[in-house]
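Spelled out, the chains give:
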Amino acid sequence: MAEKKDYKVVGTRPIRHDGVDKVTGRALYGADFQTVGLLHGKVLRSPHAHARIKSIDTSRAEAHPGVRAVVTAKDFPAVEDKIADLGEGAANVKDLQDNVLAGDKALYKGHQVAAVAAIDPHTAEEALELIDVEYEVLPPVIKVLDAMKEDAPLLHEDMHTDEMGEKSEKPSNIAAHFQHKQGDPEKGYAEADVVVEQEYTTETVHQGYIEPHNATALYNPDGQLTIWCSTQGAFAVRGQVSEILQIPVSKVKVVPMEIGGGFGGKINVYIKPIAAMLSMKTGKPVKVLMSRADVFEGTGPTPGSYVRVKMGATNDGRITAAEAYLAFEAGAYPGSPVGAAAFCVFSPYKVENGTVDGYDVVVNKPKTAAYRAPGATNAAFAAETVIDEICEKIGMDPLEFRILNSATEGDIRIDGPPAPRVGFIETVEAAKDHPHYSAPLEGENVGRGVASGYWPNFGMKSSVSINVTGDGTISLVEGSTDIGGTRASIAMQAAEVLGIPAESVTPTVADTDSVGYTDVTGGSRTAFATGYAAYEAAQDVKQQMIERAAKLWEVDPEEVQFADGVFSSVNGKEQEIDFKGLAERLDETGGPVVGRGTADPNQPGPSIGLHVVDVEVDPDTGKIDILRYTATQDAGKAVHPSYVEGQIQGGAVQGIGWALNEEYIYNEKGEMTNASFLDYRIPTCLDLPMIDAVIVEVPNPGHPFGVRGVGETPIIAPPAAIANAVYRATGVRLKELPMSPGRVLKAMGKI
Amino acid sequence: MRAFEYVPAKTVAEATSLLAEKGDQAKPLAGGTDLIVMVRENRRQLERMVDIKDLPEANVLSYSPDTGLELGAAVPCHEIYADDAVSAAYPGLIDAAKIIGGTAIQGRASVGGNLCNASPAADTIPPLIVLGAICVIAGPNGSTREVPAEQFCTAPGQTVLENGELLVSFKIPPPPKNSSSFYLRFIPRNEMDIAVVGAGASVILDDSKTSIVSARIGLAAVAPTPLLAEEAGASLAGKEISDEAIDAAAEAAQAIASPISDMRGTAEQRTHLVGVLTRRALNGAIQRVKEA
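Residue numbering note: each chain is counted from 1, following its sequence as written. Just so you know, chain letters begin at A and ligand numbers begin at 1, following the order they were written in. Given that this is a predicted model, residues contribute local features only at a pLDDT of at least 70 and side-chain atom pairs are listed and counted only at 80 or more, while totals for whole chains, interfaces and linings are drawn from all residues.

**Q** Is there a simple way to think about the overall build of chain A in this case?
**A** Secondary structure is summarised from DSSP: a helix means a run of H or I of at least four residues, a strand means a run of E of at least two, and numbering begins at the N terminus for each. Within chain A one finds 20 helices and 30 strands. Only the C-alpha atoms count toward the radius of gyration. The rule for a globule is 2.2 Å times the residue count to the power 0.38. A compact globule built from 751 residues would reach a C-alpha radius of gyration of about 27 Å, and chain A, at 27 Å, matches this within 12%. By residue count, 58% of the 751 residues in chain A fall in the buried class. With C-beta atoms placed from the backbone, a contact is any residue pair whose C-beta atoms sit within 7 Å. Considering only contacts within chain A whose residues lie at least 6 apart along the sequence, 81% involve residues at least 24 apart. Backbone-placed C-beta atoms define the burial measure: a residue is buried with 20 or more other C-beta atoms within 10 Å of its own, exposed with 12 or fewer, and partly exposed in between.

Written out as structure tokens, the structure is:
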């Protein structure tokens, strides 16, 4: 079990290994990829939110000069109706195919319908206009509660609700309903002095990564397919493409290029199988790039939702019962993050009596994908504002309420398992002790709010190999896409074990043929689990180096010890050699040293944070300004504190965007009307104060250095914290996200 | 995007004939910050772009306190707000020039292009209207005509320009004594947005700076074209400066707004904001006179 202690490398702030490449613009991204004989692919997308595809005639496009191939869903191989494991989530293979190229129906505007490969992008674009698709336009259903109605238009006529394992008789847009329950909620409410119940809605929100999706595929006559692309998981791409195109995984090699952000949205594949199909038809490399509008309309955002939370508490501030009703939009195919939302909704707290109901509902929107703590933000917006209302009613400081109701290790959760150790109280105390919380609020129309966010984190599988170089450095080969500085944090864990500086590690993110299986960069797992694999690989190197020192000194390996980067013999001969010195002598002691490490850790250790925000609301325009923001978070052990702070700040900013203005806006035809960064309003740097990130360290017992994943937790609290602050500034509780100026004016009764 | 022809014009006459040849398939190109984007996104298809950035008449930026401002249609925003005399004389126009896009866009985007794009939400049009700007238009065969800014736009994306006509420059009268101007817009963020509502005001005060001699109010994003709120402005003439007078003008401005609901705001939100922003624009302009 890890204890709080000081390390030589872990916990320091070296310059990241990929930094120079990125700040000088030399890092190679997927769109930069070039090769000989490259063709360019373009994708035809459905203009309708819901339509039956009666026919597709590609003959005019195929005859267009410069066009080399056209593909549609007819070009897919037949697949079984089966669930494939894809790392952070599983999916039905038929649904995966159907999402890549629509079969019988187009289920959202932007749904991919056909694709063209041509000698240049403009020719391909011209050819798209020559594909004749006959649609029978159907009424769309966009909002979760509308889709749940008995008479709602059905997306999948053969889909029945999975009701706790039983299939419903009638077809429905509700893919699944589940319930967790413990204790006796009615008894709990009877014991309560105050009961608050409120309804909340949130809209569809996109991850908003800067780099659009891209893929270049080359299918060789020997049956070997190579894909160069931006992805959060090269092995996840390999797995999906292999399932969708029915090619053995051993015949698919995925080369991950640098990634310009993902946040969960670059796990699912869209154009990668299309590039592969076009290459299979033409025998040439084919490159497909998305535009920003393609990204908004055709890739997975995080769902809109309806959430109802009820909570009872005594006047002295003890939660007696709680329940949550969570209805989530899955998009066009089942698989919303409602399960994670149900897990997280009351996670920070000890709730002895409670129920949680979850509904997974299909609507005519793109199939949702992961987005930073998927589901948890929607749930916390509801639960954390209900708690604020209870605190107001009983006159208790919201931080004291959290300390009083904090779940402790071993408390049984509503969904069954015991709560693991996490520094909830520690993050609340850190916020309480921070000068922000006691600073006076000055001026009119200002208010301060707080909220917590909890995420369980994931473990999953990682592989690392380490090659010792003759100059005393190591090259570290890993399979985790580096989104947030994980090359550095993984390298640092190996350096710590080997007693060498972080700069003596050269980390490389390898392709799927060059490193052992590694799950996606997601679930806040990379610094934790790939770091764990690096730790294991470094231990392997250390042991082999001990054997080399023993050989050099002609002693038993048991007589060699290693401490502070120095190998020494313990047989009284006072022989010493440091890592570099020994590395220089590998040739005379048996040749190369290669260390291997794999990890599949089962104790990722949750992460939790407490956010404090001050806002000012313009009562005439309804605009919310964020004046001050402090975010505390339990990082277990911050391997590279700068990148932990960066994750906390980035997550908070995305949560602020979700709170204030980000949303998919639909017209009555089910068309998104704001598919650009102009009208999909992510906060700019002029909309934000400096986010003060406060790292709290309660070591994770499941990791040798106590590391907890940190990437996802910070997005969860901001909407609730801001809504609570807006209430204090205006006297009005906002129950809809985003809290855009028009909604604020309406809630204030100004319009 | 389809291939198109790019032709830089050397004279106004050449530009108008190049435009006339292609009818609605030709457009003048100044900064291109709207036109190039529209063509690239297939929102508009063109056979020819006529670059007017080499035309001396479209690049003039000349101010004198006696004759006012002559502003070429292709002059980019940053050149306008970098000119101290122009900035001091027409602060309302500068308010708008400084908030169009970001710094890089302001290096290319022109006021003339902003007007010709004829967006209902264009930031520079309300200031042009309240400052009494006159649009100088060259036609084929050497003809010219002049149109007040408030009459230039006829519908979203549509203007008074006939086939072969080119907006060459603006004439803006010199600011009268005790006058100033102000423009502001409401956007949900602090940057990078298009106006949900925009409001511009110009005022002339008496020598004691306690009464309004005359006022003009211009509105954006609340009708198919930017509007001159004539009655709202006229209601202030001869009035002592007071919250009541300004509220009344704001209400009169609200009365002529006919906004739509779209992804930038609802009709009711926009109507409400017309009142808020008209008050703020008038107070802003009055404050500037008082501080001068």
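**Q** Help me out: how do you make sense of the overall build of chain B in this one?
**A** A count of helical and extended segments in chain B gives 12 helices and 14 strands. In terms of overall dimensions, chain B is globule-like: its C-alpha atoms have a radius of gyration of 19 Å, near the 19 Å expected for 292 residues. Counting only C-alpha atoms, chain B reaches 55 × 45 × 30 Å along its principal axes. Contacts in chain B between residues far apart in sequence, at least 24 positions, make up 65% of those at least 6 positions apart.

**Q** Got a minute to help me understand the sheet that holds strand S2 (residues 26-29) of chain B in this structure?
**A** Through backbone hydrogen bonds, the strands of a sheet pair up, either in parallel or in antiparallel fashion. Residue and element names in this part refer to chain B. Spatially, the 3 strands line up as an open sheet ordered S1-S3-S2, and their pairing is parallel. Across the chains shown, the open sheet's two edge strands, defined by having one partner strand only, are strand S1 (5-8) and S2. Across the sheet, the mean angle separating the axes of adjacent strands is 25 degrees when strand polarity is ignored. Whether two strands pair depends on DSSP finding at least two bridges between them. Where S1 meets strand S3 (residues 48-51), 4 bridges bridge the pair, whose relative direction is parallel. Each bridged residue has a counterpart across the sheet, and for Val-7 the counterpart in S3 is Val-50. Sheet strands touched by helix H1 (residues 12-22): S1, S2 and S3. Its angle to S2, the strand with the most contacts, is close to 150 degrees. Geometry is summarised by axes, namely lines fitted to C-alpha atoms with helices restricted to the contacting stretch, and by angles between N-to-C directions that run from 0 to 180 degrees.

**Q** Is there a simple way to think about the domain arrangement of chain B in this case?
**A** Think of interface size as the accessible area that goes away when the parts come together; that is how it is often given. All names here are of chain B. Domain start and stop points were drawn from an automatic or database domain assignment. Taken domain by domain, chain B comprises domain 1 (5-51), domain 2 (59-172) and domain 3 (179-291). Relative placement of domain 2 and domain 3: their C-alpha centres are 20 Å apart. Listed by partner, the interface residues are 22 residues for domain 2 and 27 residues for domain 3. Listing elements by their share of the side of domain 2 that touches domain 3, those giving two or more residues are helix H5 (91-97), helix H8 (125-130) and strand S8 (153-155). The dominant element in the side of domain 2 that touches domain 3, judged by the number of residues it contributes, is H8, at 5 residues.

**Q** Would you mind showing me how to read the sheet that holds strand S12 (residues 197-205) of chain B here?
**A** Residue and element names in this part refer to chain B. Read from one edge to the other, the open sheet built from 4 strands follows the order S11-S12-S13-S14, with strand pairing classed as antiparallel. A strand with exactly one partner marks an edge of an open sheet, and here the two such strands are strand S11 (179-186) and strand S14 (227-228). This element, helix H12 (residues 267-291), spans S11, S12 and strand S13 (212-220) of the sheet and lies at about 35 degrees to S12.

**Q** In this structure, what is going on with helix H8 (residues 272-282) of chain A? I would like to understand it.
**A** Along H8(A), 8 of the 11 residues are buried, which leaves the element largely enclosed by surrounding structure. Three or more residues of H8(A) are buried, namely A:Lys272, A:Pro273, A:Ile274, A:Ala275, A:Ala276, A:Met277, A:Leu278 and A:Ser279.

**Q** What am I meant to see in the interface of chain B and chain A here?
**A** Counting residues at the interface gives 19 residues for chain B, matched by 21 residues for chain A. Per-element tally for the side of chain B that touches chain A: the top contributor is H12(B), with 5 residues. Amino acids are sorted into nonpolar (Ala, Val, Leu, Ile, Met, Phe, Trp, Tyr, Cys and Pro), charged (Asp, Glu, Lys and Arg) and polar (every other residue, Gly among them). The residue makeup of the side of chain B that touches chain A, split by class, is 8 nonpolar, 5 polar and 6 charged.

**Q** Quick question: what am I supposed to make of the pairing of strand S30 (residues 691-696) of chain A here?
**A** Successive side chains on a regular strand alternate, one facing one side of the sheet and the next facing the other. Residue and element names in this part refer to chain A. Here strand S29 (residues 624-634) runs beside S30; their pairing, made up of 6 bridges, is parallel. Within the sheet, the bridge partner assigned to Gln-633 lies in S30 and is Ile-695. When the strands point away from the viewer and the path from the first strand over the helix to the second turns clockwise, the crossover is right-handed. In this view, the connection linking S29 to its parallel neighbour S30 by way of helix H18 (residues 641-660) has right-handed handedness.

**Q** Is there a simple way to explain unusual backbone geometry in this structure?
**A** Residues apart from glycine generally show negative phi values, whereas peptide bonds are mostly found in trans. Looking along the chain, the bond that leaves A:Leu737 and enters A:Pro738 is cis, with omega of -5 degrees. Inspection of the secondary structure assignment puts A:Pro738 in the loop between helix H19 (718-730) and helix H20 (741-747). Although it is not a glycine, B:Asn42 sits at a positive phi angle of roughly 60 degrees. Tracing the chain through its elements places B:Asn42 in the loop between helix H2 (35-40) and S3. Under the C-beta neighbour-count criterion, B:Asn42 is labelled exposed, with 11 such atoms within 10 Å. A positive phi angle is found at B:Asn178, which is not glycine, with a value near 60 degrees. Within the secondary structure, B:Asn178 is located in the loop between strand S10 (166-172) and S11.

**Q** Looking at this model, I keep getting lost on the domain arrangement of chain A. Mind explaining?
**A** Residues and elements named next belong to chain A. Split into domains, chain A comes out as domain 1 (19-27 + 459-599) and domain 2 (33-138 + 207-298). The centre of domain 1, based on its C-alpha atoms, is set 38 Å off from the matching centre of domain 2. With 16 residues of domain 1 at the contact, the number on the domain 2 side is 19 residues. A class-by-class count of the residues in the side of domain 1 that touches domain 2 yields 6 nonpolar, 7 polar and 3 charged.

**Q** What's the story with the nonpolar core in this structure? I'm lost.
**A** In terms of nonpolar packing, the biggest core is built from 229 residues, with A:Ile227, A:Leu326, A:Val361, A:Ala379, A:Ala494, A:Ile722 and A:Val726 touching the most fellow members. Top element by residues in this core is helix H16 (residues 526-553) of chain A. It accounts for 12 residues. Residues from two domains meet in this core; each of domain 1 (19-27 + 459-599) and domain 2 (33-138 + 207-298) of chain A gives at least three. The residues contacting A:Ile722, other than those within four sequence positions of it, are A:Gly449, A:Val613, A:Val615, A:Ile624, A:Ile656, A:Ala659 and A:Met739. A set of buried residues qualifies as a nonpolar core if it consists of Ala, Val, Leu, Ile, Met, Phe, Trp, Tyr and Cys joined through C-beta atoms within 7 Å. Counting 90 residues, the second-largest nonpolar core is a separate cluster that includes B:Ile80, B:Val168, B:Ala195 and B:Ile246.

**Q** Got a minute to help me understand the environment of B:Tyr183 in this structure?
**A** Residue and element names in this part refer to chain B. In this fold, Tyr-183 is placed in strand S11. Tyr-183 sits in the buried class, given 33 other C-beta atoms within 10 Å. Tyr-183 sits 58 residues away from Ile-125 along the chain, and the two C-alpha atoms are 10.0 Å apart. In this view, Tyr-183 contacts Gly-92, Asp-95, Ala-96, Asp-123, Pro-126, Pro-127, Gly-198, Gly-200 and Ala-281; residues no more than four positions away in its chain are not counted.

**Q** What is the right way to read the packing of helix H15 (residues 486-498) of chain A against H16(A) from this model?
**A** In a pair of packed helices, the angle between the axes and the distance between the axes together describe the arrangement. Residues and elements named next belong to chain A. Two numbers describe how H15 lies on H16: the axes approach to 8 Å, and their chain directions differ by 30 degrees. The angle between the axes of H15 and H16 places the two elements in the roughly parallel class. In this structure, H15 meets H16 at a crossing whose hand is right-handed. Where H15 approaches H16, its residues Thr-486, Ser-489, Ile-490, Gln-493, Ala-494, Val-497 and Leu-498 are matched on the opposing element by Thr-526, Ala-527, Thr-530, Gly-531, Ala-534, Tyr-535, Ala-537, Ala-538, Gln-539, Val-541 and Lys-542. Residues belonging to the contact of H15 with H16 are distributed by class as follows: 10 nonpolar, 7 polar and 1 charged. Small angles under 35 degrees read as roughly parallel and large ones over 145 as roughly antiparallel, with 65 to 115 read as roughly perpendicular and the rest as oblique. Each helix crossing is assigned a hand: it is left-handed if the near helix lies turned anticlockwise from the far helix by less than a right angle, otherwise right-handed if that turn is clockwise.

**Q** Where do I start with H19(A) in this structure?
**A** The periodicity of an α-helix, 3.6 residues per turn, causes residues three or four positions apart to be oriented the same way. Residue and element names in this part refer to chain A. One less than the number of residues in a helix, times 1.5 Å, gives the span that helix is expected to have. Its 13 residues give H19 an end-to-end C-alpha distance of 18 Å, which sits within 8% of 18 Å, the value for a rise of 1.5 Å per residue. With 12 of 13 residues buried, H19 lies mostly within the body of the structure. Inspection of H19 places Pro-718, Pro-719, Ala-720, Ala-721, Ile-722, Ala-723, Asn-724, Ala-725, Val-726, Tyr-727, Ala-729 and Thr-730 among the buried residues, and these make up the whole buried set. Here the buried face of H19 lies against helix H11 (376-394), strand S20 (446-455), strand S28 (607-617), S29 and H18.

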